[in-house]
Amino acid sequence: MLESLEGSGSVDVTIIIDSLPSLVKATVMTLFLSCLSVLIALVIGFSTALIRILKVKILYEIASMYISIIRGTPLLVQIFVIYYGLPQIGISLDPISSGIMALSLNAGAYLSESFRASILAVDRGQMEAAISMGMTYGQAMRRIILPQSLRIAIPTLSNSFIVLVKDTSLVSVITVTELLQMSSLIIAKTFEPLTIYLVAAAIYWILITFFTTMLDKFEKRSSKYLAR
Amino acid sequence: MKVIQVENIKKAFGENPVLRGVDLTVNKSEVVVIMGPSGSGKSTFLRCLTYLEEPNEGLIQIGPHELHTGGKLDRKRKKEIRELRKKTGFVFQSFNLFPNMTAIENVMEGPMTIHGVKSNEAKKVAEVLLCKVGLGDRCDHYPVQLSGGQQQRVAIARALSLNPTVMLYDEPTSALDPELVREVLQVIKDLAEEGMTMVIVTHEMNFAREVADRVIFMDDGYIVEQGTPEEIFDHPKEERTKQFLTMTK
């Protein structure tokens, strides 16, 4: 059992139990941030990947620049720019919206690269077979290429999602009361950093283990056609 | 009756000319086999016929569909190319089956996506076609669960699913183990007997002898010589044809 650092001798289980409702509530916020951001990031990533593969004029340059900037700067800086910087040019977002915007823009850039790589990884013969039947490029993409590229993308997608869940902890710096921020608040009252941070770490671990298990299952299911 | 008419097809990859002006006319129900050393342009020629490679110059006519080369790839032209492809079944050396679909789904895909056929109707047609290539009992297998020969037969059924006017084969047996070649050739032979118009690029000389109405020998981007299998194999006129035949014997 964990003992208080003050040496009071009392077992800290009560502190865990007392703080658990608040931590669970904050976990819901973490989940909300992760899930909403990943959805937006999937849309951003997928569309920028298509723009780059189809080499759409102008948009191609914009998408490439976006990916380069996001991947070349720290997430924390991006969060600061959006939350503290944008108000200076008249765009004020509340902490949660700022957080979601930063997280989804960030993850979107990485997802874009995964999508692009996975679409390009589908054998060239697949596109040839599809268009040789008389399909349009769009039909071939939708019916033949994208379903196959999704399977290829799943491992890197789930990796990006794990990173995203953990990155939500960074938005605690702009006062979003997610899991890490809540832990710090509780510690300020209880002076039990080890106990509370370990509980927070355990919650992150449980969340991520849950998601990885689900995504692994999804990957297995989508790869069933590869089994002999 | 002419089904394919091709005039003066030229194609270069960058600076490197692959086809230097090829003409070809194929009549209905005719089976034409194209042979030649590797790099002679035979595969490129076949791929040009359905615009998998866009020729630099020339005229292609398949059935009622006519395509002049050059010209901008605008919406109208893309549609013309698609119309031509719908009537042209293409069989690849590496099968190119859709690995995430079962055999029957592979054969249903074209009619459903391109012609908007309902799934139960497409299924009936696909079953008939798979039975025809001898794979009626393999409908629900994924490509990875089939042998190379079986995969190529599914690919032939898939190419037939859009009811093509001509079938084009690009070295259909080159990726197969020797013992699997025969089952694929048999399917092609059956189609020939039904009167399907076909152009086949292959190295199988015995097969060419049995099935071909006409054999074309290509080298260095030209048609060197053409004639009946007997004329080409037994009494070749051109020096290059003779050379090729002695080398492959």
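Whatever comes next refers back to the structure up there.
Residues numbered from 1 in each chain as written. Chains lettered and ligands numbered in written order. Predicted model: local features only at pLDDT ≥ 70, side-chain atom pairs only at ≥ 80, totals over all residues. Heavy atoms only, no water.

Asker: So what exactly am I meant to see when it comes to the overall build of chain B here?
Answerer: Scanning chain B from N- to C-terminus turns up nine helices and 10 strands. Taking 249 residues into account, the globule formula puts the C-alpha radius of gyration at 18 Å, and chain B, at 18 Å, falls close to it. Taken over the C-alpha atoms alone, chain B extends approximately 55 × 45 × 35 Å along its principal axes. By the burial criterion, 55% of the 249 residues in chain B qualify as buried. Taking as baseline every contact in chain B between residues at least 6 positions apart, the subset at least 24 positions apart corresponds to 65%. Of the roughly 11100 Å² of accessible surface on chain B, 46% is carried by carbon and sulfur atoms. (Helix = DSSP H or I, 4+ residues; strand = E, 2+ residues; numbered from the N terminus. Rg over C-alpha atoms; globule rule 2.2 N^0.38 Å. Buried < 20%, exposed > 50% of the residue type's maximum accessible area, 1.4 Å probe, protein only. Contact = heavy atoms within 4.5 Å. Areas by Shrake-Rupley, 256 points an atom, 1.4 Å probe, with all protein chains shown as cover.)

Asker: What am I meant to see in a nonpolar patch on the surface here?
Answerer: A contiguous nonpolar patch, built from L54, V56, I58, L59, I62 and Y137 of chain A and spanning about 550 Å² of accessible area, is present on the exposed surface. Of the residues examined, L59 of chain A reaches a relative accessible area of 41% and is grouped as partly exposed. (Patch = residues over 30% accessible without salt bridge, like charges linked within 9 Å, V, L, I, M, F, W, Y side chains within 5 Å. Salt bridge = Lys/Arg side-chain N within 4 Å of Asp/Glu carboxyl O.)

Asker: I keep staring at a positive patch on the surface and nothing clicks. Help me out?
Answerer: Among the surface-exposed residues, K57 of chain A together with K72, R75 and K78 of chain B lie close enough to one another that they form a single positively charged patch. Residue K72 of chain B is classed as exposed on the basis of its relative accessible area of 68%. (Lys, Arg positive; Asp, Glu negative; His and termini not counted. Charge placed at Lys NZ, Arg CZ, Asp CG, Glu CD.)

Asker: Help me understand the nonpolar core, please; the structure alone is not making it clear to me.
Answerer: Across soluble globular proteins, nonpolar side chains show a tendency to be buried alongside one another. Residue and element names in this part refer to chain B. Formed by 49 residues in total, the largest nonpolar core has its most connected members in L130, I156, M167, Y169, I188 and M198. Looking at this core, the element that brings in the most residues is helix 6 (residues 178-193), giving eight residues. When neighbours within four sequence positions are excluded, I188 is seen to be in contact with I156, Y169, P172, M198, I200 and F207. (Core = buried A, V, L, I, M, F, W, Y, C linked by side-chain atoms within 4.5 Å.)

Asker: Can you walk me through unusual backbone geometry in this structure?
Answerer: Backbone phi values are negative for most residues with the exception of glycine, while trans is the configuration of most peptide bonds. Residue and element names in this part refer to chain A. Here the phi dihedral of K55 falls at roughly 50 degrees; this positive angle occurs in a residue that is not glycine. Topologically, K55 is positioned in the loop between helix 1 (13-54) and helix 2 (59-72). Classification of K55 by relative accessible area gives exposed; the value is 58%.

Asker: Honestly, the interface of chain B and chain A in this entry has me stumped. Any pointers?
Answerer: When the parts of a complex come together, some accessible area is lost, and that lost area is often used as the size of the interface. On the side of chain A, 22 residues touch chain B, which itself brings 23 residues to the contact. Among the residues of chain B in contact with chain A, F98, N100 and V144 of chain B are the three that bury the most area, contributing 24% of the side total. Our count for the contact surface shared by chain B and chain A stands at two salt bridges. Among the salt bridges present, the one from R47 of chain B reaches E128 of chain A, with a minimum N-O distance of 2.5 Å. Connecting chain B to chain A are six residue pairs in polar contact (both at pLDDT 80 or more). Secondary-structure elements contributing two or more residues to the side of chain B that touches chain A are helix 2 (75-86), strand 6 (88-91) and helix 3 (103-115) of chain B. (Buried area = accessible area lost by both parts, 1.4 Å probe. Polar contact = N/O pair within 3.5 Å; in protein donor to acceptor, adjacent residues only side chain to side chain.)

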